[in-house]
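# Fold and contact review
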Amino acid sequence: MYRTWTNLWFDSAALAIEAGEVIGLRLNRLAAFDNAAIREAHLMVAEKVATAMELNALALTGGLGSSPARQATSTVTRLRTKVARNRRRLRKP
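All residue numbers here refer to positions counted from 1 along the written sequence of the relevant chain. Local features in this predicted model are restricted to residues whose pLDDT is 70 or higher, and side-chain atom pairs enter the listing and the counts only when it is 80 or higher, whereas totals over whole chains, interfaces and linings include all residues. Side-chain metrics in this entry use all non-hydrogen atoms of the structure; hydrogen atoms and water are not considered.

Moving on, we come to helix H1 (residues 2–31). Between its terminal C-alpha atoms H1 stretches 43 Å, which fits the 44 Å expected from 30 residues at 1.5 Å a residue. Summary of the burial criterion: residues with accessible area below 20% of their type's maximum are buried, those above 50% are exposed, and those between are partly exposed, where the area comes from a 1.4 Å probe applied to protein chains only. A run of H or I in DSSP counts as a helix once it spans at least four residues, and a run of E counts as a strand once it spans at least two, with each numbered from the N terminus. For H1, the set of buried residues is Leu8, Leu15, Glu18, Val22 and Arg26. In what follows, a contact means two residues having at least one pair of non-hydrogen atoms within 4.5 Å. Buried positions along H1 lie against helix H2 (35–61) and helix H3 (68–91). Looking at the residues trailing H1, positive phi occurs at Phe33, about 50 degrees. To estimate how far a helix should reach, multiply one less than its number of residues by 1.5 Å.

Quick look at the packing of H1 against H3 now. Think of each axis as a best-fit line through the C-alpha atoms, taken over the contacting stretch in the case of a helix, with angles from 0 to 180 degrees between the N-to-C directions. Between H1 and H3, whose axes approach to 9 Å, the crossing angle comes to 25 degrees. With respect to H3, the element H1 is oriented roughly parallel. In terms of crossing hand, the pair formed by H1 and H3 is left-handed. Tallied by class, residues from the contact of H1 with H3 come to 14 nonpolar, four polar and nine charged. Any angle between 65 and 115 degrees counts as roughly perpendicular, while under 35 counts as roughly parallel, over 145 as roughly antiparallel, and the rest as oblique. Each crossing is labelled by how the near helix is turned from the far one, with a counterclockwise turn of less than a right angle marking it left-handed and a clockwise turn marking it right-handed. Throughout, the ten residues Ala, Val, Leu, Ile, Met, Phe, Trp, Tyr, Cys and Pro are labelled nonpolar, Asp, Glu, Lys and Arg are labelled charged, and all others, Gly among them, are labelled polar.

Let us now look at the pattern of salt bridges. Between Lys or Arg on one side and Asp or Glu on the other, a salt bridge is scored when a side-chain nitrogen of the former is within 4 Å of a carboxyl oxygen of the latter. Enumeration according to the criterion identifies ten salt bridges in this entry. A salt bridge links Glu21 to Arg87, with the shortest nitrogen-to-oxygen separation between them at 3.7 Å. With Glu21 in helix H1 and Arg87 in helix H3, this pair connects stretches of sequence that are 66 residues apart. You can call Glu21 partly exposed: its relative accessible area is 29%. A salt bridge links Arg91 to Glu21, with the nearest nitrogen and oxygen atoms 2.5 Å apart. Here the residue Arg91 occupies a position in helix H3, and Glu21 occupies one in helix H1, the gap between them amounting to 70 residues. Assessed through its relative accessible area of 54%, Arg91 is described here as exposed. A network of salt bridges, in which partner residues are shared, links Arg26, Arg29, Glu40, Glu47 and Arg89.

This is the structure in structure tokens:
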């Protein structure tokens, strides 16, 4: 059990660092204030709403796991996947 929570802490810290990078990349895009920036802002909001709804539905149906540790780990893993996808997309010129 201790190992699970320790791994969760490290994964959560990695998520925070990775999300910080995505925030910086997005701010660079949004600073241009052109059509691409407006599309990025709309995409960002749509992604956040969709992710919240997805995780909420999974939590209510047991799709994240049966124990609190498993639910937290599943949530962080899903979020890290989405952040990594955004990071790859935003790094492209």
